[in-house]
Amino acid sequence: MDSHPGSRRPASAILRSGLAVTLVAAALGLTLLLQNVFSTAGYLFFYAAVVASAWFGGKWSGWLAVILSALAVEYYFMAPIRSFGLSRESLPIFIEFSASALIVGWFSSWRRQAEAELRYARDELQLRVEERTAELKQTNRQLLAEMAERKRAEEAYYEAQAELARVTRMSAMGALAASISHEINQPLAAVVTNADACMMWLSSKPPNLEEARAAVDSIAQQGTRASEVVRHIRAMFTKATPERTKVLVNDLIREVSTLIEGAAARNQVALQTELGTDLSAIMGDRVQLQQVIVNLILNGIEAMSEVADRPRLLLIRSTMQSSDEVLVAVRDSGVGIAPKDEKRIFDAFFTTKAQGMGMGLSISHSIIEAHGGRLWASANSDHGATVQFALPAERETAS
Amino acid sequence: MKDSDPIVFVVDDDEPVREAVKRLIASVGLRVEAFGSTREFLDAKRPEAPACLVLDVRLPGASGLELQSDLAAANVQIPIIFITGHADVPMTVRAMKAGAVEFLTKPFRGQELLDAIQNAIAKDRVAWNDRTQMADLRARYHSLTPREKEVLVLVASGLLNKQIGAELGTSELTVKTHRARVMQKMGADSLADLVRMAERINPSGTITK
């Protein structure tokens, strides 16, 4: 049985032999016919039968066709005709024919096998290519999934970071608030208790004026102590300006915008800047002034978080207010400021935000005042608000 | 003022607050002693009288809450009124669970503190009476001779003079004399009174022959 990998349809040995027999018989018939018509004929049909048998029936079918052809030719066409005897003259022709048939049959079956191997190789290659393609597709899918996962992780990371920053700020503020409230509560407790004690001593019979006087004395002292604490806290926020360097406001705005871009994009806010070209330098604390600008921008972005019916646009503009003041305005298209709140927004602990401490604008205000400037806010004629500050220009560098 | 007059202790590290509280308490005629730290309070000799403690939570060294548990551990029973500048819920819960009578947040009104003090002292007066009676009873018990103590135990356990005599190997008459002496020394008006006293001194039955 031919178990060559190239034999696609494993035909039975009988079928293969039958094929050889049929083809050789057909060749014989045709040759005899031609001989009757043209009185002579070549062995072309036998070669064709051998080639076809070897090609379609395989090696063994080819050999069978060769043998049958040799026998048929010898019997029908070699002298003496219609006998298996062989004359001296016919022998070389018969050998020539047999050898040719063998070569043709061998060549045909060799070609057939080579082609089958080639096809097999091609199929194998195709299979491999398909497998590799499938693998690549799989890898690609995994890669895409990983990229999506990575993006999600990154977003979660940024969110966590923002949350951490918020919590840190809140807990720092909370600790500060607790410390401040303790510092103020102590003298207040002494004041209230002394006042009550004073009343008691005055209403005792007879009134004890000495004790009452001591209590009032202590009240005055503790009132002063409380005001010292308050003054100290104010100083902590405002006077801490150790650095006074020459600052270009446009540089600050550019630096800050870079920092804020991410936050703006996340909140679908378009950030625009209109920076004046003729600005004077100012003297101040870079970090504190950056803080103010960041604060104003973040406030603007937050004010627009609910806006859905119009573009969320944040415009930062710098100009010379007059010859001696640099003006920075942050304009948003957010919820705006109620007229009654215009003054109060700079008070400490005033906030309209659910999560706000109400310290941002208050601290910004203190910083700008400590720089000898002004900070104010106003509602826009259409939507949102504009918060702006003006700082005194450095005279020497006025261009 | 008598030694057994109620007394208020104040522990607060903030001197002006401490002085103000002291002044307020003194205005209603109560004895008051103030300390700047838990250490000073623990080191001071405290008079035996109905008392209460006005205690700041936030103190240098051991905090007010620590002093509360230290006192409980040392079996010093004194009602505590906490005052604090910044109370949070867990702190308050902890203090009240540990038996604080009141928790006041500064600044508090004088009357609030005075009311709390009056309540605490009234509460401690009951406990104090108990404590002094008990001490008195113990002192009387310790004035008995060993034989008298034996007689007391047997009387309290319900035996008759005759049985006690048999138990101790003495005559009934001798027992009668001892018994009269015990009644007198303990200040008991009746046999029932004496039995009750014996039970109070010895609720767990440690006085045995």
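Definitions and limits used
Numbering of residues starts from 1 in each chain and follows the order in which that chain's sequence is written. Written order decides the labels, with chains lettered from A and ligands numbered from 1. In keeping with the model being predicted, local features are shown solely for residues with a pLDDT of at least 70 and side-chain atom pairs are shown and tallied solely at 80 or more, while totals for entire chains, interfaces and linings include all residues. Secondary structure follows DSSP: runs of H or I at least 4 residues long count as helices, runs of E at least 2 residues long count as strands, and numbering of each begins at the N terminus. Residues are called buried when their C-beta atom has 20 or more other C-beta atoms within 10 Å, exposed when it has 12 or fewer, and partly exposed otherwise; all C-beta atoms are positioned from the backbone. Here, expected helix span is obtained from the residue count minus one, scaled by 1.5 Å. C-beta atoms are first placed from the backbone for all residues, and any pair lying within 7 Å is then listed as a contact. Residues enter a nonpolar core if they are buried, belong to Ala, Val, Leu, Ile, Met, Phe, Trp, Tyr or Cys, and are joined to the set through C-beta atoms within 7 Å. We call Asp, Glu, Lys and Arg charged. Ala, Val, Leu, Ile, Met, Phe, Trp, Tyr, Cys and Pro are nonpolar, and the rest, Gly among them, are polar. What counts as an axis is a line fitted to C-alpha atoms, over the stretch in contact for a helix, and the angles between N-to-C directions run from 0 to 180 degrees. Should an angle fall under 35 degrees it is taken as roughly parallel, and over 145 as roughly antiparallel, whereas 65 to 115 is taken as roughly perpendicular and any remaining angle as oblique. For any helix crossing, the convention is left-handed if the near helix is rotated counterclockwise from the far helix by under a right angle, and right-handed if that rotation is clockwise. Here, any two strands with at least 2 DSSP bridges between them count as paired. For every residue, the predictor assigns a confidence score, pLDDT, that lies between 0 and 100. The handedness of a crossover follows from its direction of travel: if, with the strands pointing away from the viewer, the path from the first strand over the helix to the second runs clockwise, the crossover is right-handed.

**Looking at the overall build of chain A**
For chain A, the helix and strand inventory stands at 8 helices and 7 strands. A burial count over chain A gives 29% of its 399 residues as buried.

**Let's talk about helix α1 (residues 13–38) of chain A**
Residue and element names in this part refer to chain A. The first and last C-alpha atoms of α1 sit 37 Å apart over 26 residues, in line with the 38 Å expected at 1.5 Å per residue. Every buried residue of α1 is listed here: R16, L19, A20, L23, V24, A27, L28 and T31. Contacts made by the buried residues of α1 are with α2 (44–57) and α3 (59–77). Backbone geometry just after α1 places S39 at a positive phi near 65°.

**Examining the nonpolar core**
Membership of the largest hydrophobic core comes to 45 residues, with the highest contact counts inside it found for V8, F9, V54 and I81 of chain B. Counting residues per element, this core draws most heavily on helix α4 (residues 90–203) of chain A, which supplies 9 residues. Core analysis: the second largest hydrophobic core is formed by 37 residues, V256, I260, A377 and A385 of chain A among them.

**Brief notes about the interface of chain A and chain B**
Between chain A and chain B, the contact holds 23 residues from the first and 17 residues from the second. Breaking the side of chain A that touches chain B down by element, the ones donating at least two residues are α4 and α5 (209–238) of chain A. Considering every element that reaches the side of chain A that touches chain B, the biggest residue donor is α4 of chain A, with 16 residues. A class-by-class count of the residues in the side of chain A that touches chain B yields 11 nonpolar, 10 polar and 2 charged.

**Considering the packing of α1 of chain A against α3 of chain A**
All names here are of chain A. The interhelical angle for the contact between α1 and α3, taken along N-to-C directions, is 30°, at an axis separation of 9 Å. The angle between α1 and α3 falls in the class roughly parallel. At the point where α1 passes α3, the crossing takes the right-handed sense. Between α1 and α3, the residues in contact are R16, S17, L19, A20, V21, L23, V24, A27, L28 and L32 and W60, S61, L64, A65, L68, S69, A72 and Y76, respectively. In terms of residue class, the contact of α1 with α3 is made up of 14 nonpolar, 3 polar and 1 charged.

**Things to note about the environment of E228 of chain A**
Along the chain, E228 of chain A turns up in helix α5. The spatial distance from the C-alpha of E228 of chain A to the C-alpha of I184 of chain A is 9.4 Å, given a sequence separation of 44 residues.

**So, unusual backbone geometry**
All names here are of chain A. Here K205 and P206 are connected by a cis peptide whose omega angle stands at -5°. Backbone geometry places Q268, a non-glycine residue, at a positive phi of 55°. Here Q268 lies in the loop between α6 (249–266) and β2 (270–275).

**A look at the sheet that holds strand β5 (residues 102–105) of chain B**
Two strands in a sheet stick together by hydrogen bonds in their backbones, pointing the same way (parallel) or opposite ways (antiparallel). Residues and elements named next belong to chain B. As summarised here, the arrangement of the 5 strands in space is β2-β1-β3-β4-β5, forming an open sheet in which the pairing is parallel. Both outer strands of the open sheet, β2 (31–35) and β5, are each paired with one neighbouring strand and no more. The average angle at which neighbouring strand axes cross in this sheet is 20°, direction not considered. As paired elements, strand β3 (residues 51–56) and strand β4 (residues 80–84) share 4 bridges and run parallel to each other. Residue pairing across strands places D56 opposite I83, the latter belonging to β4. Lying on the sheet, helix α1 (residues 15–27) is in contact with β1 (7–11), β2 and β3; it crosses β2 at an angle near 170°.

**A look at the environment of P80 of chain A**
Residues and elements named next belong to chain A. Note on placement: P80 falls in the loop between α3 and α4. Between the C-alpha atom of P80 and that of S90, which follows or precedes it by 10 residues, the distance is 8.6 Å. If we ignore the near neighbours within four places in the chain, the residues touching P80 are G85 and S87.

**A word on the confidence of the model for chain B**
This prediction gives chain B a mean pLDDT of 86; 96% of its residues lie at or above 70. Among the scores for the predicted complex, ipTM is 0.73 and pTM is 0.48.

**Comments concerning the confidence of the model for chain A**
Low pLDDT marks stretches whose predicted atomic positions should not be read closely. Per-residue confidence for chain A averages 83 on the pLDDT scale, and 88% of its residues sit at or above 70. Across chain A, element-level confidence peaks in strand β5 (residues 325–332) of chain A with a mean pLDDT of 93 and bottoms out in helix α8 (residues 360–370) of chain A with 82.

**Topic: the pairing of β2 of chain A**
Residue and element names in this part refer to chain A. Counting buried residues in β2 gives 0 out of 6 residues, a small share hidden from the surface. Bridge count for β2 against strand β4 (residues 313–322) is 6 bridges, and the pairing is parallel. Counterpart to Q272 in the pairing with β4 is L315.

**Remarks on the pairing of β2 of chain B**
Residues and elements named next belong to chain B. With 5 bridges joining them, β1 and β2 adopt parallel strand pairing. From the neighbouring strand, V10 faces β2, where its bridge partner is A34. Note that the unit made of β1, α1 and β2 has a crossover that is right-handed.

**Looking at the environment of A156 of chain B**
Residue and element names in this part refer to chain B. For A156, the location among the structural elements is in helix α6 (residues 146–156). Each C-alpha atom of the pair A156 and L191 lies 8.5 Å from the other, and the pair is 35 residues apart in sequence. If we ignore the near neighbours within four places in the chain, the residues touching A156 are L194, V195 and A198.

**Some thoughts on the sheet that holds β2 of chain A**
Residue and element names in this part refer to chain A. With mixed pairing, the 5 strands of this open sheet are ordered in space as β2-β4-β5-β7-β6. On the outer flanks of this sheet lie β2 and β6 (374–379), each paired with one strand and no other. Between one strand axis and the next, the sheet turns by 15° as a mean value, whatever way the strands run. Where α6 meets the sheet, it contacts β2, β4 and β5, and its direction lies at approximately 175° from that of β2. Across the sheet, helix α7 (residues 286–303) touches β4, β5 and β7 (385–392), and the angle it forms with β5 is around 25°.

**Here's the deal with α6 of chain B**
Residues and elements named next belong to chain B. Turning to α6, its buried residues are V151, L152, L154 and V155. Structurally, α6 contributes buried residues whose contacts are with α7 (161–168), α8 (172–186) and α9 (191–201). Following α6 by one or two positions, G158 adopts a phi angle in the positive range, close to 95°.

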